[in-house]
Amino acid sequence: LSRMALCQAKLGDHTNAITSLQTYIAELPTGPEKVLATFRLAESLRQTEQSTNAIARYGQVIAMVTEQGAKYAPTPEDAARNREVLELAMYYQPYCYSRMKKPESQVGAFQAKATEGFTAMLKEFPKSKMAPSALSIMGTLLYVQSKAAEASAVYERLKRDFPDSEQAKNVVFARGEGVGTQVVAFDLAWTSGPGPETLLSTDAEGSTPRIFRNVVV
């Protein structure tokens with residue numbers, strides 16, 4: 001089932017991948033494979049724009065690793081792999097919140113959740129490959145909420161800590177009335193977002209993401 005779901009996801013058939021992964025997860029014992037499978041399920045839910053369900057599954061991954069780490073990582077290698085999965089889950093959970101537009105009355109709350117989640121992710125993984133994207137999205141969310149001073153501080157951090165990133169280069173300074181110098185990002189970074197396949201390291205033989213090695217298929 002794991003291999004089938006992987007093939008389905010690679011072919012873009014996330015609907016069937018979701019079904020396969022749900023069955024697979026139900027049969028798995030407690031362990032690192034369950035962490036990874038739950039993350040894969042969250043990813044397929046995100047790809048099918050089932051944001052609420054994806055957020056819940058990312059939350060399960062975060063809880064497994066941070067609250068019950070010993071149960072899901074019997075070896076140091078498992079713990080290291082789970083940290084990689086945790087990093088991705090902590091990025092994509094607020095990423096999903098940032099994209100939620102309905103109901104309109106809740107958009108402000110979703111944006112607040114996104115900002116809160118990215119803040120937690122950056123605290124846990126300050127040098128993450130996803131940090132520039134997280135900062136860019138945070139800054140844009142704060143700016144559209146008319147929190148210019150907070151947005152400016154986030155963009156300043158982006159330019160200071162990740163000056164060579166694409167996100168930092170897409171930030172321009174503009175003079176704003178009554179608030180001094182504001183920082184405006186003129187592309188909304190969360191329209192695409194980095195995919196897990198571009199963020200995970202690969203093994204020496206090819207392009208298999210490291211966290212997918214030693215997975216029961």
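Residues numbered from 1 in each chain as written. Predicted model: local features only at pLDDT ≥ 70, side-chain atom pairs only at ≥ 80, totals over all residues. Heavy atoms only, no water.

1. So, the confidence of the model for the chain
Taken as a whole, the chain shows an average pLDDT of 84; of its residues, 79% reach a score of 70 or greater. Counting contacts from residues 174-193, a segment whose pLDDT is below 50, to residues more than four positions away or on other chains yields 43 contacts. (pLDDT = per-residue confidence, 0-100. Contact = heavy atoms within 4.5 Å.)

2. Topic: the environment of Ser 165
Relative to the elements of secondary structure, Ser 165 occurs in the loop between helix H9 (148-161) and helix H10 (166-169). Here Ser 165 falls in the buried class, since its relative accessible area comes to 13%. As for Ser 165 and Pro 132, which are separated by 33 residues in sequence, their C-alpha atoms are 6.7 Å apart. For Ser 165, the residues in contact, after removing those within four places along its chain, are Pro 132 and Leu 158. Looking at Ser 165, its side chain comes within polar contact range of the main-chain oxygen of Phe 162, at 2.8 Å. A polar contact of 3.1 Å, which involves the side chain of Ser 165, links it to the backbone nitrogen of Ala 168. (Helix = DSSP H or I, 4+ residues; strand = E, 2+ residues; numbered from the N terminus. Buried < 20%, exposed > 50% of the residue type's maximum accessible area, 1.4 Å probe, protein only. Polar contact = N/O pair within 3.5 Å; in protein donor to acceptor, adjacent residues only side chain to side chain.)

3. Here we look at the nonpolar core
By size, the foremost hydrophobic cluster in this structure holds 53 residues, and its most contacted members are Tyr 58, Tyr 91 and Phe 118. Mapped onto this core, the elements with two or more residues apiece are helix H2 (14-27), helix H3 (32-47), helix H4 (51-67), helix H6 (76-99), helix H7 (107-124), helix H8 (131-144) and H9. Here this core takes 10 residues from H6, the largest share from any one element. Ignoring any residue separated from it by four or fewer positions in sequence, one finds Phe 118 in contact with Tyr 91, Pro 94, Tyr 95, Ala 134, Ile 137 and Met 138. (Core = buried A, V, L, I, M, F, W, Y, C linked by side-chain atoms within 4.5 Å.)

4. Let's talk about the packing of H7 against H8
Orientation of H7 relative to H8, taken along the N-to-C sense of each, is 150°, at an axis distance of 10 Å. Our classification of the angle between H7 and H8 gives roughly antiparallel. Every pair of crossing elements has a handedness; the one defined by H7 and H8 is left-handed. Judged by residue contacts, Gln 111, Ala 114, Thr 115, Phe 118, Thr 119, Met 121 and Leu 122 of H7 engage Ala 131, Ala 134, Leu 135, Ile 137, Met 138, Leu 141, Leu 142 and Val 144 from H8. (Axes fitted to C-alpha atoms, helices over the stretch in contact; angles between N-to-C directions. Parallel < 35°, antiparallel > 145°, perpendicular 65-115°, else oblique. Left-handed = near helix turned anticlockwise from the far one by under 90°.)

5. Points about H2
A rise of 1.5 Å per residue sets the reference length of H2, with its 14 residues, at 20 Å; its end C-alpha atoms lie 20 Å apart and thus fit the reference within 8%. Those residues of H2 that sit buried are His 14, Ala 17, Ile 18, Ser 20, Leu 21, Tyr 24 and Ile 25. Tucked into the core, H2 has its buried residues touching helix H1 (2-10) and H3. (Expected span 1.5 Å × (residues − 1).)

6. Comments concerning H6
For H6, which comprises 24 residues, the first-to-last C-alpha distance of 35 Å matches the rise-based estimate of 34 Å (1.5 Å per residue) to within 8%. In terms of residue burial, H6 counts as a mostly covered element, since 18 of its 24 residues are buried.

7. Observations concerning the packing of H3 against H6
Packing of H3 against H6 leaves a shortest axis separation of 10 Å and a crossing angle of 25°. Classed by the angle they form, the pair H3 and H6 counts as roughly parallel. Crossing geometry of H3 relative to H6 is assigned as left-handed. Between H3, through Pro 32, Glu 33, Val 35, Leu 36, Phe 39, Glu 43 and Arg 46, and H6, the contact on the second element is made entirely by Asp 78, Arg 81, Asn 82, Val 85, Leu 88, Ala 89, Tyr 92, Tyr 95 and Cys 96. Residue composition of the contact of H3 with H6, by class: 10 nonpolar, 1 polar and 5 charged. (Nonpolar A, V, L, I, M, F, W, Y, C, P; charged D, E, K, R; others polar.)

8. A few points about the packing of aromatic side chains
Taken as a whole and assessed by the stated rule, the structure comprises 7 aromatic pairs. A centroid spacing of 6.3 Å and a plane angle of 25° characterise the contact between Tyr 58 and Tyr 92, whose relative ring orientation is stacked. Taken together, the residues Tyr 58 in helix H4 and Tyr 92 in helix H6 connect sequence positions 34 residues apart. Summarising the aromatic geometry, the rings of Tyr 91 and Tyr 92 are spaced 4.8 Å apart at their centres and angled 85° between planes, so their arrangement reads as edge-to-face. Both residues of the pair, Tyr 91 and Tyr 92, count as buried. Each residue in the set Phe 39, Tyr 58, Tyr 91, Tyr 92, Tyr 95 and Phe 118 is aromatic and connected to the rest through ring pairs, giving one cluster. (Phe/Tyr/Trp six-rings, centres within 6.5 Å; stacked < 30°, edge-to-face > 60°.)

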